[in-house]
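Coordinate inspection notes
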Amino acid sequence: MTTLDPYVADAEWHSYIIWYFFLGGIAAGSYAMFALANLFGDEEDRRGLRAAEYLALPLISICGLLLIIDLNRPERFWHMLIQSRTFWPMFKWWSPMSVGSWGLSLFGGFAAWSFLGVLVEDGRISLGRWNELIIRIRKGHIGRALAIGGSLAAFFVGSYTGVLLAATNQPTWSETPWLGSLFLASAASTGIASILLVSVHALKDVPHAVLDRLERLDRWAIGLELLLLGTYFGSLGSPTLEAVSHWPGVLVPAFVVPFGLIAPVFIQRLRWKGRVSLASAMVLLGGFALRYAIVGMPEPFLHGSR
Amino acid sequence: MATAVGFFTDTSICIGCKACEVACHQWNALPARDGGQVPLSGLSYDNTVSLSDVDWRHVRFVEQFSEDRSQGRWLMMSDVCKHCVNAPCLEVCPTGSIVRTEFDTVYIQEPVCNGCRDCITACPFGVIHVSARKHVAQKCTFCYDRLQNNMTPACAQACPTKSIKFGPIEQLRMEARDRVQHLHSLGAKDAYLYGEDDKILGGLNAFYLLMDPPATYGLPTAEQAKLPSRKVWPSSFRSIAASLVIAAGAFLTFGRRKKAVAEAESAS
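Residues numbered from 1 in each chain as written. Chains lettered and ligands numbered in written order. Predicted model: local features only at pLDDT ≥ 70, side-chain atom pairs only at ≥ 80, totals over all residues. Heavy atoms only, no water.

Quick notes on the overall build of chain A
Broken down by element type, chain A carries twelve helices and zero strands. Written out in order from the N terminus, the α and β elements of chain A read α-α-α-α-α-α-α-α-α-α-α-α. For 306 residues, the compact-globule estimate of 2.2 N^0.38 gives 19 Å, and chain A sits close to it at 20 Å. Out of the 306 residues belonging to chain A, those deemed buried represent 58%. Long-range contacts, defined here as pairs at least 24 residues apart, represent 75% of the contacts in chain A between residues at least 6 apart. (Helix = DSSP H or I, 4+ residues; strand = E, 2+ residues; numbered from the N terminus. Rg over C-alpha atoms; globule rule 2.2 N^0.38 Å. Buried < 20%, exposed > 50% of the residue type's maximum accessible area, 1.4 Å probe, protein only. Contact = heavy atoms within 4.5 Å.)

Observations regarding the overall build of chain B
Helix and strand counts for chain B come out as seven helices and ten strands. Expressed along its principal axes, the backbone C-alpha trace of chain B runs to roughly 95 × 45 × 45 Å. Every one of the 268 residues in chain B was classed for burial, and the buried ones make up 52%. Contacts spanning at least 24 positions in sequence make up 61% of the contacts within chain B whose residues lie at least 6 apart. Summed over all atoms, the accessible surface of chain B reaches about 11800 Å², with 56% contributed by carbon and sulfur. Charged side chains of chain B number 28 positive and 27 negative; the gap between the two group centres comes to 5 Å. (Areas by Shrake-Rupley, 256 points an atom, 1.4 Å probe, with all protein chains shown as cover. Lys, Arg positive; Asp, Glu negative; His and termini not counted. Charge placed at Lys NZ, Arg CZ, Asp CG, Glu CD.)

Structural notes on the packing of aromatic side chains
All told, the structure shown has 28 aromatic pairs over all chains when counted by the stated rule. Arranged with centres 5.2 Å apart and planes meeting at 5 degrees, the rings of A:Phe156 and A:Tyr160 form a pair that is stacked. With A:Phe156 and A:Tyr160 both in helix H6 (residues 141-166), this residue pair falls four residues apart, about one helical turn. The class for A:Phe156 is partly exposed, based on a relative accessible area of 26%. Centre to centre, the rings of B:Phe8 and B:Phe207 are 5.2 Å apart; their planes meet at 15 degrees, and the pair counts as stacked. Remark: B:Phe207 occurs in strand S10 (residues 206-210) and B:Phe8 occurs in strand S1 (residues 5-10); sequence separation between them is 199 residues. Judged by relative accessible area, B:Phe207 falls into the buried class, the value being 0%. Pairwise contacts between aromatic rings join A:Trp19, A:Phe22, A:Trp247, A:Phe288 and A:Tyr292 into one cluster. A cation sits over an aromatic face here: B:Arg57 above B:Phe7, 4.8 Å from the ring centre. (Phe/Tyr/Trp six-rings, centres within 6.5 Å; stacked < 30°, edge-to-face > 60°. Lys NZ or Arg CZ within 6 Å of the ring centre and 35° of its normal.)

Description of the pairing of strand S2 (residues 58-65) of chain B
Each regular strand carries side chains that alternate between the two faces of the sheet. Residues and elements named next belong to chain B. As judged from the eight bridges shared by S2 and strand S3 (residues 72-79), these two strands associate in the antiparallel manner. Bridge pairing links glutamate 63 to tryptophan 74 in S3. The turn joining S2 and S3, which pair antiparallel and follow one another in sequence, is formed by six residues; a positive phi near 60 degrees is taken by arginine 69. (Pairing = 2+ DSSP bridges.)

Here we look at the confidence of the model for chain A
Taken over all residues, the pLDDT of chain A has a mean of 94, while the share at 70 or more is 97%. Highest mean pLDDT in chain A belongs to helix H3 (residues 51-70) of chain A (98); lowest belongs to helix H12 (residues 298-305) of chain A (70). (pLDDT = per-residue confidence, 0-100.)

Regarding the nonpolar core
Grouped together as the largest cluster of nonpolar side chains are 153 residues, with contacts concentrated most on A:Leu49, A:Phe107, A:Ile294 and B:Phe125. Counting residues per element, this core draws most heavily on helix H1 (residues 15-40) of chain A, at 15 residues. Excluding residues that lie within four positions of it along the chain, B:Phe125 makes contacts with A:Tyr7, B:Lys82, B:Cys84, B:Tyr194, B:Ile200, B:Leu201, B:Leu204, B:Leu219, B:Pro220 and B:Ala225. (Core = buried A, V, L, I, M, F, W, Y, C linked by side-chain atoms within 4.5 Å.)

Quick word on the interface of chain B and chain A
Taken together, the 63 residues of chain B in the interface contact 66 residues of chain A. Of all residues in chain B, B:Arg117, B:Ile246 and B:Phe254 give up the largest surface area on contact with chain A, accounting jointly for 14% of the area buried on that side. Summed over the shared surface of chain B and chain A, the number is one salt bridge. The salt bridge partner of A:Asp70 is B:Arg117, with a shortest N-O separation of 3.0 Å. (Buried area = accessible area lost by both parts, 1.4 Å probe. Salt bridge = Lys/Arg side-chain N within 4 Å of Asp/Glu carboxyl O.)

Topic: the pairing of S10(B)
Residues and elements named next belong to chain B. The buried fraction of S10 amounts to five of the five residues, a majority that puts the element mostly inside the structure. Bridge analysis of S1 against S10 gives four bridges, and the strand direction is parallel. When the bridges of S10 are listed, phenylalanine 7 appears paired with alanine 206. Pairing analysis gives three bridges linking strand S9 (residues 192-194) to S10, with the strands arranged antiparallel.

Digging into the sheet that holds strand S8 (residues 164-168) of chain B
Residues and elements named next belong to chain B. Taken together, the four strands give an open sheet; going across it, the order is S8-S1-S10-S9, and neighbouring strands pair in mixed fashion. A single partner strand is all that each edge strand has here, and the edge strands are S8 and S9. Pairwise comparison of adjacent strand axes, ignoring direction, gives a mean angle of 25 degrees for this sheet. Each of S1, S8, S9 and S10 is contacted by helix H6 (residues 169-185), which is oriented at about 135 degrees to S8, the strand it contacts most. (Axes fitted to C-alpha atoms, helices over the stretch in contact; angles between N-to-C directions.)

Describing the confidence of the model for chain B
Considering every residue of chain B, the mean pLDDT works out to 95; 100% of them sit at 70 or more. For this predicted complex, the interface confidence score (ipTM) comes to 0.95, while the overall pTM stands at 0.94.

Things to note about H1(A)
Over its 26 residues, H1(A) runs 37 Å from end to end, which matches the ideal 38 Å to within 8%, given 1.5 Å per residue. Burial runs high along H1(A): 21 of the 26 residues are buried. (Expected span 1.5 Å × (residues − 1).)

As for unusual backbone geometry
Cis rather than trans, the peptide bond between A:Trp247 and A:Pro248 has omega equal to 0 degrees. Positionally, A:Pro248 belongs in the loop between helix H9 (239-245) and helix H10 (251-268). Non-glycine residue B:Lys18 carries a positive phi angle of around 65 degrees.

Examining a nonpolar patch on the surface
On the surface, A:Phe91, A:Trp93, A:Trp94, A:Trp102, B:Trp233, B:Phe237, B:Ile240 and B:Leu244 cluster together to form a nonpolar patch covering roughly 900 Å² of accessible area. In terms of residue count, helix H7 (residues 232-267) of chain B provides more of the nonpolar patch than any other element does, four residues in total. Secondary-structure assignment places B:Leu244 in helix H7. With a relative accessible area of 57%, B:Leu244 lands in the exposed category. (Patch = residues over 30% accessible without salt bridge, like charges linked within 9 Å, V, L, I, M, F, W, Y side chains within 5 Å.)

Here's what the structure looks like:
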């Protein structure tokens, strides 16, 4: 066993955190894509990516619950945001978990606004005379300004979890500065995959041209993810071989890369009706496996030292 | 501010009696691990094995014997929270539960901690653990209650050989340097100080005189013990760069087409 830093204790960030990283990545990635389509695209793109608006709030709400449940004292979750003695805001810009708590809250605000807006615009709820105003705001300059803010918040939520892991003394997490960008690329690919799945199976009115554009963007994100994955393990140095030869690190070469990233790109190019669903499902499985592998990767090094 | 205090643990005179462990348990009302049903570890005379939520002092036993056991020596060290000058746990704690006291020690405020465990990932010494009883992070308090009443911490008070010395940190450092020089003059050239200067996390307020490399005692080197914040900006800049690449992809996907559609519409 190559010795990285065998003296730290295991924080036991397990299933809840892995699910949070995965679902939070989808929420952030899909919302960022919607916001960027709102900024750069036309009305067809904005409406075509509205699946993200349906996904972001429920997913980020589940994420909040997962984070609270994971605390050993869940009833004190608010100590992340408010100082328990003075009731002043609790904020440490140099602590990723502190900044992340505020970032999540901010992103939740954007997601809530979008969720309300899309429900109104799709006619699923009615707020009476407010309906027209909400739709006008969504399509106007304020909507674009909110898209800029929302995309920034989404990019933050998609990446800070990797920065959080790097800002520790745990082996394989803290050795390199590439986890934040890797998680962001994965958030983008899984976010797009989720939009495609919801668009095809739930909304069903999204034009094929939009789906094609999304698939193209997905390949862009997958390409970036592959590049960053290689960079991450390259920068890890000699422990890479041991990291990927133990469970769960072995998932990266055995599943994430071949089945979660490369295979979906080829499946997308098939002339088969179910290709979008299959490719998207594989990207999602790959995204979950990536987080499972990365979060569990320090364990063999810790246990080997005891 | 009160005088900054510390521990100087001289491992060359530790006899492994574990009085420090017992005194710590007694004063802080720490229960026995696993209800006292602790199996023998097989690690020399060490059945505490490591620092834990209920073991804030741990006497490590290192047996160094030749294969035929004709030659050998014992190394013993009473391990504890290092109360780092630049404490990683304090740095990352998102609730402000971990604070620096007026004695320059690092203290966990139990009523504030919500058990997020970020401090555990940050501590390079593996000191902090979550209490199975209280469900909050736990570690040596440096007997903060005793310090506030001008008393010596329980472990140092109980140590029969004065291997654990307590006092003003600057005074301890001077004593430690003198002690190393004395040992060197006696021929113990291996003796050196660990954490006495600012090379490890700005200095350790609980520092050691060791007789073997740090790894022998389960201690990280200065290169291994680093501040978590060192990675925040490099990681953030790379994340921003990745965001820009993704945004560029979105622009090429959505923006170019929008421009083409607009041009086609104006032409028609």
